[in-house]
Amino acid sequence: MKSADGNTTIVPGHGTLIKRDDIVPYRDMILAVAGRVRQMIEQGKSLQEVLAAKVTAPYDAKVAGGTDASAERFVSAVYQELKRAGK
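Conventions used here
- Residues numbered from 1 in each chain as written.
- Predicted model: local features only at pLDDT ≥ 70, side-chain atom pairs only at ≥ 80, totals over all residues.
- Heavy atoms only, no water.
- Helix = DSSP H or I, 4+ residues; strand = E, 2+ residues; numbered from the N terminus.
- Buried < 20%, exposed > 50% of the residue type's maximum accessible area, 1.4 Å probe, protein only.
- Contact = heavy atoms within 4.5 Å.
- Areas by Shrake-Rupley, 256 points an atom, 1.4 Å probe, with all protein chains shown as cover.
- Lys, Arg positive; Asp, Glu negative; His and termini not counted.
- Charge placed at Lys NZ, Arg CZ, Asp CG, Glu CD.
- Core = buried A, V, L, I, M, F, W, Y, C linked by side-chain atoms within 4.5 Å.
- Expected span 1.5 Å × (residues − 1).
- Arc of directions from axis to C-beta.

1. Quick notes on the overall build of the protein
In step 1: A count of helical and extended segments in the protein gives 4 helices and 2 strands.
In step 2: With the C-alpha coordinates of the protein rotated into their principal frame, the extents come out at 45 × 25 × 20 Å.
In step 3: Here the protein holds 87 residues, and the buried ones make up 22% of them.
In step 4: The contacts of the protein with a sequence gap of at least 6 include a subset with a gap of at least 24, amounting to 44%.
In step 5: Summing over all exposed atoms, the protein offers an accessible surface of approximately 6100 Å²; the carbon and sulfur share of this is 53%.
In step 6: Measuring between centres, the 13 positive side-chain charges of the protein sit 5 Å from its 10 negative side-chain charges.

2. Some remarks on the nonpolar core
What tends to happen in soluble globular proteins is that the nonpolar side chains get buried as a cluster.
In step 1: The biggest cluster of nonpolar side chains holds 14 residues, and the ones touching the most others in it are V33, V37, V50, V55, V75 and Y79.
In step 2: Counting residues per element, this core draws most heavily on helix α1 (residues 20-42), which supplies 6 residues.

3. Things to note about helix α4 (residues 68-85)
In step 1: Over its 18 residues, α4 extends 26 Å from the first C-alpha to the last, a length consistent with the 26 Å expected when each residue adds 1.5 Å.
In step 2: Those residues of α4 that fall on the buried side of the exposure criterion are A71, V75, S76, V78, Y79 and L82. An end-on view of α4 places all buried positions within 165° of arc, on one side of the element. Of the residues in α4, the exposed ones pointing more than 90 degrees away from the buried face are R73, E81 and R84.
In step 3: Buried residues along α4 sit against α1, α2 (47-52) and α3 (57-60).
In step 4: Of the residues flanking the end of α4, it is G86, one or two places downstream, whose phi is positive at about 75°.

Okay, structure coming up:
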C-alpha cells in the first residue's frame, strides 16, 4: 500500500484487478477479524467456538464472491496462525 497511489492497478494472486483504495477496507477487515480472533483465543475459545461466533459477519456482504466456506477457511487460517505465534 505504501508504494501504490490512487491510480495504481494491483494484480492480486487471484481475484480481480483492484486499485489501492480497494485494499484499505480489505486490510481493515483482516485486522479487525484477526483482533477478534485474538481476543477469543485469549479467552480460551476453541476453533469451533470462534467459527460459531461468525466473526466475519460484519464484512460478509461486502466481500464479492465470499461464501460461508471461504469465511471459515479464512478464520481457521487466522486462528491457526495466531495459535502458532502464541498470540
